[in-house]
Amino acid sequence: MTANRPGVDDRRPRMTVIGTGYLGATHAICMAVLGYDVLGVDVDQKKIDALAAGQVPFYEPGLPEKLAEVLQTGRLRFTTDFDEAAAFGDVHFICVGTPQQQGSEAADLRFVDSAFTELARRITRKALLVGKSTVPIGTAARLTQLVQSVSPIGAELELAWNPEFLREGFAVEDTLHPDRLVFGVQSEWAERMLRDAFAPLLADGVPVVVADTATAELVKVAANSYLATKISYINAMAEVCEATGADVSLLARALSYDDRIGGRFLKPGLGFGGGCLPKDIRAFRHRAAELGVGAAVEFLGEVDQINLRRRARTVDLVRELAGGDLRGVRVAALGAAFKPNSDDVRDAPALDVARMLYLEGAKVTVYDPEAIANAHRAYPDLDYAENMGKCVRGAEVTVLLTEWDQFRRADPTLLGELVAQKRIVDGRHALDATAYRKAGWEYRALGRPAVVDTSVLIDHEKDAVA
Ligand code: NAD
């Protein structure tokens, strides 16, 4: 415990955060903001050097400022040395990646296993290992046996699970003001340690659910499955709309007024991606099958398929606007990140669509305000523009793939002066269809009729079309 420092509560555990990616760097920095002494640990020397020098190695609004603030206090340091980590920490948060395995839907737990084992082998006094990574149910139980078998202190080394719900783009706010905390524990001591580790948040009234480790693991995948299902639900309705001439935008709006349904995550479009939802629903389905309850979450396979079909359907719309053949057609792709306010391109629908267009022979130019470097690493064959103007200049079809504010706010008249043909596919239902049509654009969106039927428009839209 931190001791002998005036003004610092003796009960504040010293923390390590193992794995300083999107989740871990944010957690380490925010814990130091809350007043704890924190050591960030990663196997990636470059990442550690950048963080120690005050540079956040990814885009997350507000995080660089917080890093600068806490580095000055001396409460946050970074290392690649696991001996130092084992000696330093009372509570060790493990935040390493759990990507999808190659050739399987299961989660790849090699990084988790390695981080827990390397730490456990070195720990010589009572400490708590806390998993924050998203893992299949039963991982904590398996790891408890593993770490206790390799640790010099055996069963004195305890393990808990504390799943993380932060959203990229809002990570600082979500970490400092989470909507809930979940503590999956195996002893009262572990619960006390976690309460000490989150004392400032508990004092703020953040609700905490104390559970067994299996429930804690399940909360995370259950939450992500629910969100994915809601997105795919409205996108399934978009497919029905496309076959009937109905308008999914109006449908979503009408549904959203029902507060049993609610409007959040009911936005039709290109669907979900990123480093969490896709791999989490796949790993959940895989794990449920292993547990003999595969039928219970079989529907997540459909949720995944609906989501992936949106990408193919977006390509269809671009092809339709191009006259049926994409070969040689200049396409401006606005967006690469899996969502706005992030530079994360893991399983990004935007990049996937850009790649599919390219493979059909289109000349694709991509622009994203923050994700170009990551996108270029993932798909070096695509062309990348350094700004929106250069991206759309001469385009025969423009397609909005990530709903950055910069794209939403663009003036359709000015944009129209740059392109070769005023044709746009709004993959995110983020643009003002009426304003675009008024400025002479052919506007298409998934699940919306190609031709405007003014009889179903609300009044202000009627005026604009007229
Ligand atoms: P990431 O790939 O950005 O970061 C993982 C980090 O772990 C990397 O820096 C890597 O170098 C490091 N690492 C790998 N093996 C290590 C080891 N043995 N020891 C120390 N460091 C090691 O991944 P992320 O997005 O931060 O996700 C981490 C976990 O958190 C995943 O399980 C993810 O599902 C979960 N999660 C992520 C988010 C999010 O928004 N990114 C939100 C909630 C939960």
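Residues numbered from 1 in each chain as written. Predicted model: local features only at pLDDT ≥ 70, side-chain atom pairs only at ≥ 80, totals over all residues. Heavy atoms only, no water.

1. Looking at the site of the ligand
Around the ligand, the structure places 27 residues, and the nearest of them are Leu23, Asp42, Lys47, Thr98 and Lys279. Here an oxygen atom of the ligand sits 3.0 Å away from a polar atom, N or O, in the main chain of Thr134. Between the ligand and Arg346 there is a distance of 2.8 Å, counted from an oxygen atom to a side-chain nitrogen or oxygen. Burial of the ligand by the surrounding chains reaches 89%, relative to a free accessible area of 830 Å². Examining the composition of the shell around the ligand, we find that three residues originate from one element, helix α5 (residues 110-120), more than from any other. Per-domain counts for the shell around the ligand show at least three residues from each of domain 1 (2-211) and domain 2 (223-464). (Near = heavy atom within 4 Å. Polar contact = N/O pair within 3.5 Å; in protein donor to acceptor, adjacent residues only side chain to side chain. Areas by Shrake-Rupley, 256 points an atom, 1.4 Å probe, with all protein chains shown as cover. Helix = DSSP H or I, 4+ residues; strand = E, 2+ residues; numbered from the N terminus. Domains from an automatic or database assignment.)

2. Observations regarding the packing of helix α13 (residues 299-321) against helix α14 (residues 349-359)
Axis separation between α13 and α14 bottoms out at 9 Å; the angle between their running directions is 50°. Judged on the interaxial angle alone, α14 and α13 are oblique. In this structure, α13 crosses over α14, and the sense of that crossing is right-handed. Residues Arg311, Ala312, Thr314, Val315 and Val318 of α13 form the contact with α14, whose participating residues are Pro349, Asp352, Val353, Met356 and Leu357. Residues that form the contact of α13 with α14 fall into these classes: seven nonpolar, one polar and two charged. (Axes fitted to C-alpha atoms, helices over the stretch in contact; angles between N-to-C directions. Parallel < 35°, antiparallel > 145°, perpendicular 65-115°, else oblique. Left-handed = near helix turned anticlockwise from the far one by under 90°. Contact = heavy atoms within 4.5 Å. Nonpolar A, V, L, I, M, F, W, Y, C, P; charged D, E, K, R; others polar.)

3. Here's the deal with the domain arrangement of the protein
By a widely used convention, the size of an interface equals the accessible area lost when the partners come together. For the protein, the domain assignment lists domain 1 (2-211) and domain 2 (223-464). The C-alpha centroid of domain 2 is placed 35 Å from the C-alpha centroid of domain 1. Contacts between the two partners involve 20 residues from domain 1 and, on the opposite side, 22 residues from domain 2. Across the domain 1/domain 2 interface, buried area totals approximately 1600 Å², and carbon plus sulfur atoms make up 50% of it. Sorting the residues of domain 1 by area buried against domain 2 places Tyr59, Glu105 and Glu168 first, and these three jointly supply 41% of that buried surface. On the surface where domain 1 and domain 2 come into contact, there are two salt bridges. The partner of Glu105 in a salt bridge is Arg285, and the shortest N-O contact between them spans 3.3 Å. Scanning the region where domain 1 abuts domain 2 turns up nine residue pairs in polar contact (both at pLDDT 80 or more). (Buried area = accessible area lost by both parts, 1.4 Å probe. Salt bridge = Lys/Arg side-chain N within 4 Å of Asp/Glu carboxyl O.)

4. Focus: α14
Every α-helix winds through 3.6 residues per turn, so residues three or four apart in the chain are directed the same way. Listing the buried residues of α14 in full gives Pro349, Ala350, Leu351, Asp352, Val353, Ala354 and Leu357. Buried residues belonging to α14 abut α13, β9 (330-334), β10 (363-367), α15 (372-378), β11 (383-384) and β12 (397-400). Of the residues one or two after α14, Gly361 is the one with positive phi, at around 100°. (Buried < 20%, exposed > 50% of the residue type's maximum accessible area, 1.4 Å probe, protein only.)

5. Some remarks on the packing of helix α10 (residues 213-244) against helix α12 (residues 277-290)
Each packed pair of helices is defined by two parameters, the angle between the axes and the distance between the axes. At a minimum axis distance of 9 Å, the contact between α10 and α12 shows a crossing angle of 115°. One finds that α10 runs roughly perpendicular with respect to α12. You can see that α10 and α12 cross each other, and the crossing is left-handed. For the pair formed by α10 and α12, the contact residues are Leu218, Lys220, Val221, Asn224, Ser225, Ala228 and Ile231 on the first element and Leu277, Asp280, Ile281 and Phe284 on the second. A breakdown of the residues in the contact of α10 with α12 according to their chemical character gives seven nonpolar, two polar and two charged.

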